[in-house]
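So you can see what is in the structure, the chains are spelled out below.
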Amino acid sequence: MTLELAQRLWQAGKSGTAADPAAADQLDDLETAYAVENATRDLVLAAGDRTIGYKIGLTSQSARDAFGAREPAAGHLLAGRLLQDGQPIVTAGLFEPKVEVEVAFILGEALPGPGVTAQDVYRATAAVAPAFEIVDSRWRGGARTLPMLVADNTNAARAVLGPRVEPPVDLSKITATLLTGSRTVPGSAAAVMGDPAQAVAWLAGHLLRNGSRLEAGDIILSGTLCAPTPISAGDRLVADLGELGRVVVDVS
């Protein structure tokens, strides 16, 4: 069952035909959902891609409430979905893409745990960067339940990193402005568990409970500062994160 659902989601991402949500009736719990997520990752890796880090979802209380979640959710960041500088976001093959504004962490040291704190994250971080994450569900009509969201790699679709900078002492004070077309969307790093470094600390504990750990060189998308915002071809996305800098990308 795990492999069957993984193949459905993998094929949905390749073909541009969304997966039938009726298949998600087999997703009884989060343990099964994470097993499907990992099996889907393994299919992608077998096809020649590689993991370069992680993404964290449901980092705001309102997002957790919407899915009845007690804690955030974790997904994998794949090299093939990280766009290069100047490369546009192509919407063909996506379903209902939305953009999120994030702080990306690039680790200089491993965070093996247990008991990783936000301060441990700051000490282990080599650089941070303003980032976009494009989220998109491969379930037809979107994820209706928390296991559906997790099984689909927490809606990870594409990512764009801006220039890397040294991390400030306190990321919780960072604010953001997303410009897309005529829309202006405000955001705050405090919406990410109070401090994006706290979200990374949560991820370290989550991975440890599942027999893995954060390693030097990992890139982590720590959660959105702004409300997820729909995008379409022709948009130019600009995110200004103050002292962290800006990230800009066109949508085609």
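Attention in this report is confined to the structure presented alongside it. (Residues numbered from 1 in each chain as written. Predicted model: local features only at pLDDT ≥ 70, side-chain atom pairs only at ≥ 80, totals over all residues. Heavy atoms only, no water.)

The subject of this paragraph is the pattern of salt bridges. Side chains bearing opposite charge may pair, as long as their charged atoms lie close to each other. Per the stated rule, a full pass over the model turns up eleven salt bridges. Among the salt bridges present, the one from Glu4 reaches Arg8, with a minimum N-O distance of 3.5 Å. Placement of the pair is Glu4 and Arg8 together in helix α1 (residues 2-15), with a separation of four residues, close to one helical turn. The exposure class of Glu4 is partly exposed, given its relative accessible area of 37%. Look at Arg8 and you get partly exposed, because its relative accessible area is 36%. (Salt bridge = Lys/Arg side-chain N within 4 Å of Asp/Glu carboxyl O. Helix = DSSP H or I, 4+ residues; strand = E, 2+ residues; numbered from the N terminus. Buried < 20%, exposed > 50% of the residue type's maximum accessible area, 1.4 Å probe, protein only.)

With 17 residues, helix α2 (residues 30-46) ought to run about 24 Å at 1.5 Å a step, and its terminal C-alpha atoms sit 24 Å apart, in line with that. Those residues of α2 that fall on the buried side of the exposure criterion are Thr32, Ala33, Tyr34, Val36, Glu37, Ala39, Thr40, Leu43 and Val44. For α2, the elements touching its buried residues are α1, β2 (73-78), α5 (146-151) and α6 (196-209). Sitting at the head of α2, Asp29 places a side-chain oxygen 3.3 Å from the backbone nitrogen of Glu31. Once α2 finishes, Gly48 follows within two positions and takes phi at roughly 115°, a positive value. (Expected span 1.5 Å × (residues − 1). Contact = heavy atoms within 4.5 Å. Polar contact = N/O pair within 3.5 Å; in protein donor to acceptor, adjacent residues only side chain to side chain.)

Attention now moves to α1. Taking 1.5 Å per residue, 14 residues should reach 20 Å; α1 reaches 20 Å between its end C-alpha atoms and fits that length. Of all the residues in α1, the buried ones are Leu5, Ala6, Leu9 and Ala12. Angular distribution of buried residues about the axis of α1 spans 125°; they occupy a single face of the element. Phi turns positive, to about 80°, at Gly16, one or two residues after α1. (Arc of directions from axis to C-beta.)

Further remarks concern the packing of aromatic side chains. Within this structure, the stated rule accounts for zero aromatic pairs. One Lys or Arg, Lys14, reaches over the ring of Trp10 and ends 4.2 Å from the middle of that ring. (Phe/Tyr/Trp six-rings, centres within 6.5 Å; stacked < 30°, edge-to-face > 60°. Lys NZ or Arg CZ within 6 Å of the ring centre and 35° of its normal.)

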